[in-house]
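Listed here are the chains, written in short residue letters.
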Protein chains: 2
Amino acid sequence: MSKISFKPMYQQVYESLRSRMASGELAPGTFLPSENVLAEDYGVSQGTLRKAIDRLAADKLVVRYQGKGTAIALIDSDEALFRFFRLVHSDGHKLLPSSQVLGAESGQAGEDEGKALAIAAGDMVFRIHRLRMLDGSPAIDEKITVPCAAFPGIDELTTDHVPNTLYNYFQERYGTTVCRIREHLIAKGATAGTAKRLEVRAGHPVLQIRRVAYDLNDRPVEYRVMLCLTDHVHYDADLKR
Amino acid sequence: MSKISFKPMYQQVYESLRSRMASGELAPGTFLPSENVLAEDYGVSQGTLRKAIDRLAADKLVVRYQGKGTAIALIDSDEALFRFFRLVHSDGHKLLPSSQVLGAESGQAGEDEGKALAIAAGDMVFRIHRLRMLDGSPAIDEKITVPCAAFPGIDELTTDHVPNTLYNYFQERYGTTVCRIREHLIAKGATAGTAKRLEVRAGHPVLQIRRVAYDLNDRPVEYRVMLCLTDHVHYDADLKR
DNA sequence: AAGTGGTCTAGACCACCTT
DNA sequence: AGGTGGTCTAGACCACTTT
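A brief look at the structure comes next. If you're wondering where the values come from, they're calculated on a predicted model, not measured in any experiment.

## Thoughts on the protein's contact with DNA strand C
- Among the 22 residues in the neighbourhood of DNA strand C, the closest are listed as A:Glu35, B:Met9, B:Tyr10, B:Ser45 and B:Thr48.
- Within 4 Å of the protein, the contacting atoms of DNA strand C are drawn from sugar and phosphate to the extent of 86%.
- At a separation of 3.0 Å, a phosphate oxygen of DNA strand C approaches a polar side-chain atom of A:Arg50.
- B:Tyr10 is positioned with one of its side-chain polar atoms (N or O) 2.9 Å from a phosphate oxygen of DNA strand C.
- Counting residues per element, the ones that place at least two in the surface near DNA strand C are β1 (62–65) and β2 (69–72) of chain A together with α1 (9–22) and α3 (46–58) of chain B.
- Partitioned by chemical class, the residues of the surface near DNA strand C number five nonpolar, ten polar and seven charged.

Printed below as a string of structure tokens:
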């Protein structure tokens, strides 16, 4: 073994478990084998194995229940929407946007989409266009692009059957877990189309959020552009060093 | 001992070390006693003590050097500016803004400032107004408010002597370590004054970032409003779950 | 009672830095 | 050589959940 490739055991175990989750061998919602069993399997002590699971738990890929076991995290349930949703009402109260799907159809990836999703321009993608409301008035004009190759059969979705918690759908139907997103924010004037949908004049300042979502293998699985009216809402970022 | 107040030893040690850092007893840039010594002091095993320091290291409050010891993190040096600075050039290359101080004077806190800094409106504050440039053209119109009570003597700063890495200055002169910031982002049209300074027309869309910075005791120590031209720059947010 | 995760210990060996 | 942090082990005891 060459020296530069040395990795601590707990890291190897961490990576192994993580890739077994990525491959679908360990499915969301099920329980891991107990720490004793896993330690035996990997031929390490329980302490070393715990250190690996500590990292998975810190990543929130896994949830521990004392006395019961360790479960592979599900993205759905209670806070499905809010894990990656940083837009909050300025009054502090929660913000549960209803949404109205304006379109859902497949097409060929453009320049931007291809680059964001690490596919070739022209590859098949599926697009969802949706308008999210807040307190009854339109607040977010949202366009979502997803590579068909990663989600076979997704192009059969119709406007009336787009799930409103998409990441939950990815996980349940495709075993794809979104575990990281990256967002680029700028301020710009609303285009004519966006302005009409948001019921403001063209050029009205809107917050543009360009998001790329990554799965457990660090591959981009979704590209999303949101144009937000921030008159009664703001983007909340909390940076701990 | 009542049951509900039970805390694991490693957490007690973590909190103790953290508060000793907050009080200035453990100063930034110095080294902690060795793990063996600390374990002895606290009457715990080395493993338990390591777990406490693991958390401090995860918080980046402390840096470990194998063979040398564990140092209390300094905020200055190389990446002082970029730890909390999320604005990056759209071309990807780094962005080192030069700044031009437009004003630095004390005054009384207004409504917003008081609420953000958890002080009463009317309490003395010190304000810095500064314009940051990017590639030679103005890009950020920045107003900073700091409570005088937390930084005695800061009102003696003059326009020509405002340090450009403020958090570094807080730490070196006052022993105050900014360890967390919270930012609220919205898009809005530039006011007349801002527009003039940024050399755009009034109403031009700008990204407004309202930041509150917190010290180790979780007390707000700075309030900052940045108005950013995002024509060649964007705000970069990375959310791992 | 048996199994699970949660805490804590004592000790071994290693890699790295300093003297 | 001696001290520091980094890894790993084996075992103890506890709290919680299930059977």
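Having put the structure on the table, let's press on.
## So, the packing of aromatic side chains
- Summed over the entire model, instances satisfying the criterion amount to twelve aromatic pairs over all chains.
- On the basis of an interplanar angle of 45° and a centroid distance of 6.3 Å, the ring pair of B:Phe31 and B:Tyr65 is categorised as tilted. In this pair, B:Phe31 sits in the loop between α1 and α2 (35–42) while B:Tyr65 sits in strand β1 (residues 62–65), placing the two residues 34 residues apart along the sequence.
- For B:Tyr65, a relative accessible area of 40% corresponds to the partly exposed category.
- What links up through ring pairs into an aromatic cluster is the set A:Phe84, A:Phe151, A:Tyr167, A:Tyr169, A:Phe170 and A:Tyr174.
- Taking NZ or CZ as reference, B:Arg55 lies 3.9 Å from the ring centre of B:Tyr14, over its face.
- Sitting above the plane of the B:Tyr214 ring, B:Arg180 keeps its charged end 4.5 Å from the centroid.

## Some remarks on the relation of the copies chain A and chain B
- For the pair chain A and chain B, the relating rotation is 180°, the translation along its axis is 0.0 Å, and the fit reaches an RMSD of 0.0 Å. Here the transformation between the copies is reduced to the relation of a two-fold axis.
- Comparing contact sets, 100% of the residues at the interface of chain A also lie at the interface in chain B, consistent with an isologous, same-surface contact.

## With respect to the interface of chain A and chain B
- With 35 residues of chain A at the interface, the matching set in chain B holds 35 residues.
- Three residues stand out in chain A for area buried against chain B, namely A:Ala187, A:Leu239 and A:Arg241, and they jointly supply 31% of the buried area on that side.
- Viewed at the interface, chain B and chain A are joined by four salt bridges.
- When the shortest N-O distance is used, the salt bridge between A:Asp238 and B:Arg180 registers 3.2 Å.
- Across the contact surface, chain A and chain B share 14 residue pairs in polar contact (both at pLDDT 80 or more).
- Considering every element that reaches the side of chain A that touches chain B, the biggest residue donor is strand β7 (residues 180–189) of chain A, with ten residues.

Parameters at a glance
- Residues numbered from 1 in each chain as written.
- Chains lettered and ligands numbered in written order.
- Predicted model: local features only at pLDDT ≥ 70, side-chain atom pairs only at ≥ 80, totals over all residues.
- Heavy atoms only, no water.
- Near = heavy atom within 4 Å.
- Polar contact = N/O pair within 3.5 Å; in protein donor to acceptor, adjacent residues only side chain to side chain.
- Helix = DSSP H or I, 4+ residues; strand = E, 2+ residues; numbered from the N terminus.
- Nonpolar A, V, L, I, M, F, W, Y, C, P; charged D, E, K, R; others polar.
- Phe/Tyr/Trp six-rings, centres within 6.5 Å; stacked < 30°, edge-to-face > 60°.
- Buried < 20%, exposed > 50% of the residue type's maximum accessible area, 1.4 Å probe, protein only.
- Lys NZ or Arg CZ within 6 Å of the ring centre and 35° of its normal.
- Least-squares fit on C-alpha atoms with pLDDT ≥ 70 in both.
- Contact = heavy atoms within 4.5 Å.
- Buried area = accessible area lost by both parts, 1.4 Å probe.
- Salt bridge = Lys/Arg side-chain N within 4 Å of Asp/Glu carboxyl O.

So far we have only geometry, and geometry alone does not tell us how the molecule works.
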